[in-house]
Amino acid sequence: MEAPEHGTTMDTPDERLTAFGYQLIDVHHWLREELAALREGVDAYLAGGLRPRELRTHCLTFCSALTRHHTGEDADAFPRLAERFPELRPVLDELRRDHRLVEDSLQRLEALLGGLDRHADPVGVRTELDSLAALMETHFVYEEKRIVSALNALNAPGWNRSRPDFLHTDDAER
């Protein structure tokens, strides 16, 4: 399936359906920005900036948002896609495996940031951030190439009324 042009909406017999795949891309973009901000925060802290508490809070907020996104995909989006597009099941299985790898990286990152002080060697934190960024980027690109069109074609009226967890960018939307 090839993705139609970004920003497209699709007409359905029942109502105007928002292109859920494009909303997914928007969430991925937001998560990339949040990770970039976290990386900047780590660098600022190591250079004498942010207090550890602020850095840990930012990390927990980012980690929570990314976990909620992936949990929502696993619990809601992927089962609907698998039902409607059975040929995507191997792709969805691969994406679920990626989610576990990302979760492991998030746990390591939280532990590293929890023990970070200005005298600690920053290499471990930066290495984990780089690893997480690489995992996220590969995962997001693969996911966008493989399932955006299917999400755009999916008729899920309940998602129009109440945006599912995997399409939220922050707790203020909930």
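First things first, this report covers the structure right here in the doc. (Residues numbered from 1 in each chain as written. Predicted model: local features only at pLDDT ≥ 70, side-chain atom pairs only at ≥ 80, totals over all residues. Heavy atoms only, no water.)

The subject of this paragraph is the packing of aromatic side chains. With the rule as written, the count across this model stands at two aromatic pairs. Relative to Trp159, the ring of Phe20 has its centre 4.9 Å away and its plane inclined at 85°; by these criteria the two rings are edge-to-face. Of this pair, Phe20 sits in helix H1 (residues 20-46) while Trp159 sits in helix H5 (residues 157-161), placing them 139 residues apart in sequence. One exposure class covers both Phe20 and Trp159, and it is buried. Taking the centre distance of 5.2 Å and the plane angle of 70° together, the rings of Trp159 and Phe166 count as edge-to-face. Each member of the pair, Trp159 together with Phe166, is buried. (Phe/Tyr/Trp six-rings, centres within 6.5 Å; stacked < 30°, edge-to-face > 60°. Helix = DSSP H or I, 4+ residues; strand = E, 2+ residues; numbered from the N terminus. Buried < 20%, exposed > 50% of the residue type's maximum accessible area, 1.4 Å probe, protein only.)

What follows is about the environment of Pro79. If you trace the backbone, Pro79 turns up in helix H2 (residues 52-84). Distance in space between the C-alpha atoms of Pro79 and Leu92 is 8.8 Å, their sequence separation being 13 residues. Once residues within four sequence positions are removed from consideration, Pro79 is found in contact with Glu73, Asp74 and Arg96. (Contact = heavy atoms within 4.5 Å.)

Two elements in contact, helix H3 (residues 89-114) and helix H4 (residues 123-153), have axes separated by 10 Å at closest approach and are oriented at 160°. By the criterion of interaxial angle, the relationship of H3 to H4 is roughly antiparallel. Pair H3 / H4 crosses with left-handed handedness. For the contact of H3 with H4, the per-class residue count stands at 15 nonpolar, four polar and six charged. (Axes fitted to C-alpha atoms, helices over the stretch in contact; angles between N-to-C directions. Parallel < 35°, antiparallel > 145°, perpendicular 65-115°, else oblique. Left-handed = near helix turned anticlockwise from the far one by under 90°. Nonpolar A, V, L, I, M, F, W, Y, C, P; charged D, E, K, R; others polar.)

On to the pattern of salt bridges. This structure, assessed with the given rule, holds eight salt bridges. Where Asp93 meets Arg96, a salt bridge forms, and the shortest distance between an N and an O atom there is 3.1 Å. Within this pair, Asp93 and its partner Arg96 are both found in helix H3, separated by three residues, close to a single helical turn. With relative accessibility at 37%, the residue Asp93 sits in the partly exposed group. Note on Arg96: relative accessible area 23%, which makes it partly exposed. Close ionic contact of Arg108 with Glu128 constitutes a salt bridge, the shortest N to O distance being 3.1 Å. Highlighted residues: Arg108 in helix H3 and Glu128 in helix H4, separated in sequence by 20 residues. (Salt bridge = Lys/Arg side-chain N within 4 Å of Asp/Glu carboxyl O.)

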